[in-house]
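The residues making up each chain are set out below.
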Amino acid sequence: MTDTTDVLDTSAPGTTPGGRRTPAGSDVKPTLALALGVLALVAAPVVIWLVNVGPAGLLVPIAGIAASRIAKNYQAEIDYSPPGDPIMRRAQLGRTLGITGALVFLIGGLATWIVGNIEQLRTLQTLLFDVGRMVEAFPVLLTEGLRITLIVWIGAVVIGQILGVVIALMAISRRRIFRVLSLIYIDIFRGLPAIVTIVLVGIAMPLAGLRPFGRNPVFYGAFALGLVATAYIAEIVRAGIQSIDEGQMEAARSLGMPHGKAMGLIIIPQGIRRVVPPLTNEYIALLKDTSLMFVIGLVANSSSFFEGRDLYRVGTNLAQQNGNYSAVVLAGLFYLVMTIPLTRLTNYLDRRLREGHAAEDRSFTDDEDDLLPGTTGPIHGHGGGGMA
Amino acid sequence: MKSGSDTKTPRVQLKDLQKSFGSLDVLTGIDLDIDAGEVVVIVGPSGSGKSTMLRCVNLLEEPTGGSVLIDGIDITEDGVNVDRMRQRCGMVFQHFNLFPHMSVLKNVTVALRKVKGLSKSEADQIGLDRLHQVDLAQKADARPAQLSGGQKQRVAIARALAMEPEVMLFDEVTSALDPELVKGVLDVMTNLARQGMTMMVVTHEMGFAREVADRVIFMDGGVVVEDGPPRQLMENPRSDRLKEFLSQVL
């Protein structure tokens, strides 16, 4: 009959005449895997609870992982094995035992360490997670810290977004002087650590008598961060605009639109949509960077809505007063409550951009489309509803 | 409507038109007169300069020598308002270049409103008329991404027509389409030709050239090699280059 049947019927285990590799009793790897697996599982409790062998104990999880690797490697070599083949089962058993042994070592070791260090851990808990301290810090963090952090963040985002688009347009301008100026700006403010910019703008500038924002350090902080954000946002927007297909500009110009109108009506709206995910990322980075304002030395002040300390400063001040870092942990939670949803939103927007494009490809495959691969279209395409 | 009269100024005139990209000479001296109402199909092997010539007519490419005249006005001169001259030349592209962030109707009306300054209702009226002309009025509210390639190309034609151009330039407008979608686009172009539109059409559709063109121009190596009625060029090619080209495309 067929070759396959012949091969199966006539061949001994091992490499068959047809070249198919089947499990053979003489194969070393399954036995080796099983031995290592048994060894790991037996040795794990021994080295953790019975005999202290020091760092040599690490050989146990290594043996377990080795058993798993060898078994997997062997399974990959085999072209065909009948269901329930004893040699394959031996390899699989070695694999399971090895992984189990490694896990026992890991979890058992961790549990033992925790039990042995319970006192220090309790101290750590009171130092970082003292509920009483947190309740105490919460109102200050909420009314002062969060307010100032949001003021600085929103200020920096607004400044960065407006100036960023301006610098981006300069970067793609047909005038060389604009391109050079924007390049210099971007190089400097992207190249400097944000904290240096904040010190220069927030301390050195007022010290030199330049006080465009009066004496409130919050404004200087927001302005400094805005300058930094401008450079990053300019780069993002520039890349977005330049990613728009040249044909868009040509089509607009062929309709008689002047260059500026074509940019404003056709190119920039598409470019901005395309860069929403990286922009959101930049906003998140800015939110965290507001904490760098500590170098300006914000002080508590309840007289003005725009004055006071940001989340980080409130948290660290309380920590210094009380010798307890629970307020800093709570400040951290405030940041997370804002940044995690924003990150999720970014990922969602990013996914919608990419999947939307895939959906479009499925519907119509008869053209190359007016969009470059992996770009927008659908973020607006599906918004109006109708198609999908 | 076809003029044919010798006393009239040609609608489009190319005089010793030259274009180089760096050291690459793409057009090496094109002389061409196109009368109002004429349909001229431009054929030639790839790299012969057909598209570049077309793009010079509305200055998407700036000529490096010679001149382009629309209705006797030299548009390559300094001081000419290029944007106004471009309104006289509608252009349709191989890859449609519809604006993906706008509805179909907005694609057609955006230039009417923002360039010609028409009111929304005026612009929408013209836009719907033009969409009707290409048989896509029912898609006015759709997004370009929801259309097939053939539909996109018809919208692109409507968009160019909305500006009431005196010349329509077609740059390989069916090359990116699946074969079954080509006919719908060619039908729209044929109707347009019958209505007396002056058209310059770069295409590989020899059937369209034979049926619709008043003149066929064969380009090779950046010059016009042959110029004449379609039947004459296709049945009695004089140059070896055209003979060879026809043997490959027919």
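Structure: see above.
Residues numbered from 1 in each chain as written. Chains lettered and ligands numbered in written order. Predicted model: local features only at pLDDT ≥ 70, side-chain atom pairs only at ≥ 80, totals over all residues. Heavy atoms only, no water.

Counting its secondary structure elements, chain A contains 15 helices and 0 strands. Per-residue burial over chain A gives 42% buried out of 388 residues. The long-range share in chain A, meaning contacts at least 24 apart out of those at least 6 apart in sequence, stands at 72%. Of the roughly 20,300 Å² of accessible surface on chain A, a fraction of 66% belongs to carbon and sulfur atoms. (Helix = DSSP H or I, 4+ residues; strand = E, 2+ residues; numbered from the N terminus. Buried < 20%, exposed > 50% of the residue type's maximum accessible area, 1.4 Å probe, protein only. Contact = heavy atoms within 4.5 Å. Areas by Shrake-Rupley, 256 points an atom, 1.4 Å probe, with all protein chains shown as cover.)

A few words now on the sheet that holds strand 3 (residues 39-43) of chain B. All names here are of chain B. Strand order in the open sheet formed by 6 strands is 6-7-8-3-9-10, and the pairing between neighbours is mixed. Two strands lie at the open edges of the sheet, namely strand 6 (89-92) and strand 10 (223-228), each paired on one side alone. For this sheet, the mean inter-axis angle between neighbouring strands, taken without regard to orientation, is 20°. In this fold helix 5 (residues 149-162) packs onto strand 6 and strand 7 (167-171), with an angle of close to 170° to the strand it touches most, strand 6. (Pairing = 2+ DSSP bridges. Axes fitted to C-alpha atoms, helices over the stretch in contact; angles between N-to-C directions.)

If you look at the interface, chain A gives 31 residues, while chain B gives 37 residues. Taking both partners together, chain A and chain B bury about 2,800 Å²; carbon and sulfur atoms supply 58% of that area. If you look at where chain A meets chain B, you find 2 salt bridges. We note a salt bridge from R253 of chain A to D83 of chain B, for which the minimum N-O separation is 3.2 Å. (Buried area = accessible area lost by both parts, 1.4 Å probe. Salt bridge = Lys/Arg side-chain N within 4 Å of Asp/Glu carboxyl O.)

Our next topic: the pairing of strand 6 of chain B. Residue and element names in this part refer to chain B. Here strand 6 shows two buried faces, one formed by C89 and M91 and the other by G90 and V92. Looking at chain direction, strand 6 and strand 7 are connected through 4 bridges and run parallel. Residue pairing across strands places V92 opposite F170, the latter belonging to strand 7.

All names here are of chain A. When its volume is computed, the largest pocket comes out at roughly 400 Å³. If you trace the largest pocket, you find 16 residues lining it, with I172, I241, M249, H259 and M263 closest to the centre. Going through the elements one at a time, helix 9 (217-242), helix 10 (246-254) and helix 11 (259-274) are the ones with two or more residues in the lining of the largest pocket. Here the lining of the largest pocket takes 5 residues from helix 11, the largest share from any one element. (1 Å grid on protein atoms, 1.4 Å probe; cavity = no way out; pocket = protein on both sides within 12 Å on 5 of 7 lines; lining within 4 Å. Points joined across faces, edges and corners; volume = space filled by probe spheres on them.)

As for its placement among the helices and strands, E205 of chain B is situated in the loop between strand 8 (198-202) and helix 7 (206-212). Sequence separation of E205 of chain B and P230 of chain B is 25 residues, and the distance between their C-alpha atoms is 12 Å.

This next bit is on a positive patch on the surface. Residues K261 of chain A together with K106, R113 and K114 of chain B make up a contiguous surface patch of positive charge. For K114 of chain B, the location among the structural elements is in helix 3 (residues 104-114). Looking at K114 of chain B, the relative accessible area reads 37%, which means it is partly exposed. (Patch = residues over 30% accessible without salt bridge, like charges linked within 9 Å, V, L, I, M, F, W, Y side chains within 5 Å. Lys, Arg positive; Asp, Glu negative; His and termini not counted. Charge placed at Lys NZ, Arg CZ, Asp CG, Glu CD.)

Moving on, we come to a nonpolar patch on the surface. Residues I177, F178, V180, L181, I184 and I188 of chain A make up a contiguous nonpolar surface patch of about 510 Å² in total accessible area. Residue class for I177 of chain A comes out exposed when judged on its relative accessible area of 53%.

A few words on the pairing of strand 3 of chain B. Residue and element names in this part refer to chain B. The element strand 3 is extensively covered by neighbouring structure, given that 5 of its 5 residues are classed as buried. Along strand 3, one buried face is formed by V39, V41 and V43 and the opposite face, lined by V40 and I42, is buried too. Taken together, the 4 bridges between strand 3 and strand 8 define a ladder with parallel strand orientation. Bridged to V39 within strand 8 is M199. Two elements, strand 3 and strand 9 (residues 215-220), share 4 bridges in a ladder whose sense is parallel.

Residue and element names in this part refer to chain B. Phi is positive for F96, which is not a glycine, with a value near 65°. Structurally, F96 can be placed in the loop between strand 6 and helix 3. Backbone geometry at E164 places phi at a positive 50°, although glycine is not the residue there. Classification of E164 by relative accessible area gives exposed; the value is 56%.

Overall, the coordinates contain 8 aromatic pairs over all chains when judged by the stated rule. Between F138 of chain A and F334 of chain A, the aromatic rings sit 5.6 Å apart at their centres with planes inclined by 35°, giving tilted as the arrangement. Linking F138 of chain A in helix 6 (residues 131-171) with F334 of chain A in helix 14 (residues 326-363), this pair joins segments that are 196 residues apart in sequence. By way of ring pairs, the aromatic residues F213, Y220 and F223 of chain A are connected into one cluster. One Lys or Arg, R147 of chain A, reaches over the ring of F305 of chain A and ends 5.5 Å from the middle of that ring. Cation over ring: R159 of chain B sits above F99 of chain B, and NZ or CZ is 4.5 Å from the ring centre. (Phe/Tyr/Trp six-rings, centres within 6.5 Å; stacked < 30°, edge-to-face > 60°. Lys NZ or Arg CZ within 6 Å of the ring centre and 35° of its normal.)

All names here are of chain A. It is at 7 Å that the axes of helix 2 (residues 29-50) and helix 4 (residues 86-116) come closest, and there the two elements cross at 20°. Put simply, helix 2 runs roughly parallel to helix 4. Considering only the axes of helix 2 and helix 4, their crossing is left-handed. Looking at the contact of helix 2 with helix 4, its residues break down into 17 nonpolar, 9 polar and 1 charged. (Parallel < 35°, antiparallel > 145°, perpendicular 65-115°, else oblique. Left-handed = near helix turned anticlockwise from the far one by under 90°. Nonpolar A, V, L, I, M, F, W, Y, C, P; charged D, E, K, R; others polar.)

Quick look at the environment of V135 of chain A now. Mapped onto the fold, V135 of chain A is located in helix 6. Considering only alpha carbons, one finds V135 of chain A and S326 of chain A, 191 residues apart in sequence, at a separation of 9.6 Å.

This brings us to the side chain of S254 of chain A. Residue placement: S254 of chain A occurs in helix 10. We classify S254 of chain A as buried; its relative accessible area is 3%. Engagement of the side chain of S254 of chain A in a polar contact is seen with the backbone oxygen of A251 of chain A, the distance being 2.9 Å. Residue contacts for S254 of chain A: discarding those within four places in its chain leaves N58, R86, C89, M91 and F93 of chain B. (Polar contact = N/O pair within 3.5 Å; in protein donor to acceptor, adjacent residues only side chain to side chain.)

Right, let's talk about the sheet that holds strand 1 (residues 12-21) of chain B for a bit. Pairing between the strands of a sheet is mediated by backbone hydrogen bonds and can be parallel or antiparallel. Residue and element names in this part refer to chain B. Spatially, 4 strands are ordered 2-1-4-5 in an open sheet, and the strand pairing comes out antiparallel. What marks the edges here is a single partner per strand, and that holds for strand 2 (24-34) and strand 5 (73-74). Running over the sheet, helix 1 (residues 50-57) touches strand 1, strand 2 and strand 4 (65-70) and is turned about 120° from strand 1.

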